[in-house]
Every structure is written in C-alpha cells, then in structure tokens.
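Per-entry structural report
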Amino acid sequence: STSRRQRQMCIRDRFQIDGNLGAPAGILEMLVQSHRNRIELLPALPNACASGALRGVCLRGGGELDMEWKDGALTWYQIRGDSRLPIYYRGERFA
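First, a word on what this report is: a plain description of the structure on this page. (Residues numbered from 1 in each chain as written. Predicted model: local features only at pLDDT ≥ 70, side-chain atom pairs only at ≥ 80, totals over all residues. Heavy atoms only, no water.)

1. With respect to the sheet that holds strand S3 (residues 52-58)
Counted only if it meets this: DSSP calls a pair of strands paired once it identifies at least 2 bridges connecting them. Counting from the N terminus, the helices are DSSP H or I runs at least four residues long and the strands are E runs at least two residues long. The axes used here are C-alpha line fits, helices contributing only the stretch in contact, and every angle between their N-to-C directions lies in the interval 0 to 180 degrees.
Overall, antiparallel pairing links the 3 strands, which are arranged S3-S4-S5 in an open sheet. In this open sheet, the two edge strands, each paired with only one partner strand, are S3 and strand S5 (73-81). For this sheet, the mean angle separating the axes of adjacent strands, direction not counted, is 10 degrees. Here 5 bridges tie S3 to strand S4 (residues 63-70), and the two strands are oriented antiparallel to one another.

2. Observations concerning the environment of Ile87
The cut-off we apply is this: Contact between two residues is taken to exist if any of their heavy atoms lie within 4.5 Å; hydrogens are not considered.
By the secondary structure assignment, Ile87 is in strand S6 (residues 87-89). In this view, Ile87 contacts Ile39, Leu41, Tyr77, Ile79, Glu92, Arg93, Phe94 and Ala95; residues no more than four positions away in its chain are not counted.

3. Observations regarding the sheet that holds strand S2 (residues 39-41)
Spatially, 4 strands are ordered S1-S2-S6-S7 in an open sheet, and the strand pairing comes out mixed. Looking along the sheet, the strands with just one partner apiece sit at the ends: strand S1 (32-33) and strand S7 (92-93). Sheet analysis places S1 next to S2, joined by 2 bridges and oriented antiparallel. Bridge assignment links Gln33 to a residue of S2, and that residue is Glu40.

4. Some remarks on the pairing of S4
The turn linking S3 back onto S4 is made up of 4 residues, and Gly61 within it adopts a positive phi angle of 95 degrees. Joining the antiparallel neighbours S4 and S5 is a turn of 2 residues, in which Asp71 adopts a positive phi near 50 degrees.

5. Some points on the nonpolar core
For the record, the criterion: Take the buried residues of types Ala, Val, Leu, Ile, Met, Phe, Trp, Tyr and Cys, join any two whose side-chain atoms come within 4.5 Å, and each joined set is a nonpolar core. When a residue's accessible area, from a 1.4 Å probe over protein chains only, is under 20% of the maximum for its type it is buried; when over 50% it is exposed; and in between it is partly exposed.
Counting residues in each nonpolar core, the largest one holds 14 residues, and the members touching the most others are Val32, Leu41, Leu42, Leu54, Leu65 and Met67. Looking at this core, the elements with two or more residues in it are S2, S3, S4 and S6. The leading source of residues in this core is S4, at 3 residues. Not counting chain neighbours up to four residues away, the residues in contact with Leu41 comprise Leu31, Val32, Leu65, Met67, Leu74, Tyr77, Ile87, Tyr88, Tyr89 and Arg90.

Pasting the structure below:
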C-alpha cells in the first residue's frame, strides 16, 4: 500500500514536473529573458557557463533566437521571425 506522503511527494515516480521542467526553464532565464517588452541577452550568465551557444530558443513576440558567447561576453546573435522587441545586453540597448 502506498502511504499518503508517498502519493503527495511523488517519491516513487521518477518524473517530477518541477525538477524536470523547472530547472531547464531557470537555466534558460539566466541566458535570455523576453518579457517586460524587451529581450535581454545573458542577463545572469553563471561563471560555469562562460562560453557557449543557444539555437532555436522561442521568444515572446514570435521570434526565435540563436546566440553565442565566449569568456562571458556575447559574440554573435540572430533573431528570426516577427519579434520587434528591443534587444538589451548588460543593461544597455543593443539593437
């Protein structure tokens, strides 16, 4: 018999919606944010991700983002689609 605590905490299940979907969403928010009527690139880049790339990230407003960064600095980005939101990088309007 399954205890009430096991049913409530999903102890037996391997898939937990908060852990399996919440963590990737939080990581993506550190790399790009598209709310407050703007797109912010690398708003909270962690030191562990000093260099990297993203491809095909959906943005609010209908755009799709590709970008690359190295040593903590943005090196390239491209937005495809209909997004007309202003781009910000390190608090300054970038484009």
